[in-house]
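Now for the letters of each chain:
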Amino acid sequence: MSNILTIAMPKGRIFEEAVELLRKADYKLPPEFDDSRKLIIDVAEEGLRFILAKPMDVATYVEHGVADVGIAGKDVLLEEERDVYELLDLKISHCYLAVAGLPDTKMNEVAPRVATKYPNVAEAYFREQGEQVEIIKLNGSIELAPIIGLSDRIVDIVSTGRTLKENGLSEYERIINVTSRFIVNPVSYRMKDKQIDEMVTRLSEVV
Ligand code: PRP
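These numbers come from a predicted model, not from an experiment.

Cut-offs applied
Residues numbered from 1 in each chain as written. Predicted model: local features only at pLDDT ≥ 70, side-chain atom pairs only at ≥ 80, totals over all residues. Heavy atoms only, no water. Domains from an automatic or database assignment. Contact = heavy atoms within 4.5 Å. Buried area = accessible area lost by both parts, 1.4 Å probe. Polar contact = N/O pair within 3.5 Å; in protein donor to acceptor, adjacent residues only side chain to side chain. Helix = DSSP H or I, 4+ residues; strand = E, 2+ residues; numbered from the N terminus. Nonpolar A, V, L, I, M, F, W, Y, C, P; charged D, E, K, R; others polar. Pairing = 2+ DSSP bridges. Axes fitted to C-alpha atoms, helices over the stretch in contact; angles between N-to-C directions. Phe/Tyr/Trp six-rings, centres within 6.5 Å; stacked < 30°, edge-to-face > 60°. Buried < 20%, exposed > 50% of the residue type's maximum accessible area, 1.4 Å probe, protein only. Arc of directions from axis to C-beta. Lys, Arg positive; Asp, Glu negative; His and termini not counted. Salt bridge = Lys/Arg side-chain N within 4 Å of Asp/Glu carboxyl O.

### Examining the domain arrangement of the chain
Reasoning step 1: Parsing the chain into structural domains produces domain 1 (5-93 + 179-206) and domain 2 (95-176).
Reasoning step 2: Placing a centre on the C-alpha atoms of domain 1 and another on those of domain 2 gives a separation of 29 Å.
Reasoning step 3: Listed by partner, the interface residues are six residues for domain 1 and ten residues for domain 2.
Reasoning step 4: Surface buried jointly by domain 1 and domain 2 totals about 670 Å² across both partners, of which 56% is contributed by carbon and sulfur atoms.
Reasoning step 5: Between domain 1 and domain 2 we count four residue pairs in polar contact (both at pLDDT 80 or more) in total.
Reasoning step 6: If one sorts the elements of the side of domain 1 that touches domain 2 by residue count, helix H3 (residues 74-80) sits on top with three residues.
Reasoning step 7: Here the residues of the side of domain 1 that touches domain 2 sort into two nonpolar, one polar and three charged.

In structure tokens:
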């Protein structure tokens, strides 16, 4: 095993906050991090290799050990239940998972449908509520579903609340708060414990 630490980073809106946090922890990240289409960025001086993945895929890279560590949203960790250790709540990218739908509507009594990017979380939530629903898996623009009659409700991430508001939807229940977590591959943690502990310490000092 090389002594380079590979870190899987989520592309998109979490990325900037994650980079800012790493810089606060005194990792010297080159300007490529601010504007680049590269999917792998080596920072030799820090002994780090960054791979830039879709947020939903970060834990997959870490579970398979092609990344030693990663930054993943709690939403993804709840949905995917990957075999990784969650070592630190980075307290960035605050948002929450919620149930939403058209205002002042009841769920269909016969075969209510719920559209979501989080089928496992949604399924578990409605089961706990004692409601049997049909889950419809979508990959994005979830808010479309109730508007065009694909579903009665959605389970989705709410951050600023703008998407719900601008599409005329109401929030019905809050399921769980979400932040980004520092995750680790169990084997990497045994082999590279010093490097990983150092990173956790540096990050926890600035969280
Ligand atoms: C996420 C989420 C909501 C939106 C919430 O979608 O699925 O649609 O952000 O943010 P807001 O409360 O600040 O409006 P994202 O932009 O990641 O794209 P997606 O539709 O492809 O999932």
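### Quick look at the sheet that holds strand E11 (residues 180-184)
Reasoning step 1: Taken in spatial order, the six strands of this open sheet run E2-E3-E1-E4-E11-E5, and their pairing is mixed. Each edge of the open sheet is held by one strand with a lone partner, namely strand E2 (40-43) and strand E5 (85-89). Across this sheet, the average inter-strand angle for adjacent strands is 25°, counted without regard to direction.
Reasoning step 2: Examined bridge by bridge, strand E4 (residues 69-73) and E11 share five bridges and lie antiparallel to one another. Paired with Ala-72 across the strands is Arg-181, a residue of E11.

### Considering the packing of aromatic side chains
Reasoning step 1: Summed over the entire model, instances satisfying the criterion amount to four aromatic pairs.
Reasoning step 2: The interplanar angle of 5° and the centroid separation of 6.3 Å between the aromatic rings of Phe-15 and Phe-33 together place this pair among those described as stacked. With Phe-15 in helix H1 (residues 13-24) and Phe-33 in the loop between H1 and E2, this residue pair connects regions lying 18 residues apart in the sequence.
Reasoning step 3: The class of Phe-33 is buried, set by a relative accessible area of 5%.

### Thoughts on H1
Reasoning step 1: Within the sequence span of H1, burial applies to Ile-14, Phe-15, Ala-18, Val-19, Leu-21 and Leu-22. For H1, the angular spread of buried residues about the axis comes to 160°, placing them on one side. Seen from the open side of H1, the exposed residues pointing more than 90 degrees away from its buried face are Arg-13, Glu-16 and Lys-24.
Reasoning step 2: The inward-facing, buried residues of H1 abut strand E1 (5-10), strand E3 (48-53), E4, E11 and helix H8 (193-206).
Reasoning step 3: Positive phi shows up at Asp-26, right after H1, with a value of about 75°.

### With respect to the side chain of Asp-75
Reasoning step 1: In this fold, Asp-75 is placed in helix H3.
Reasoning step 2: Of the side chains bearing the opposite charge, Lys-117 lies closest to the buried Asp-75, which forms no salt bridge; the N-O distance is 6.7 Å.
Reasoning step 3: Among the polar contacts made by the side chain of Asp-75, one reaches the side chain of Tyr-118 at a distance of 2.6 Å.

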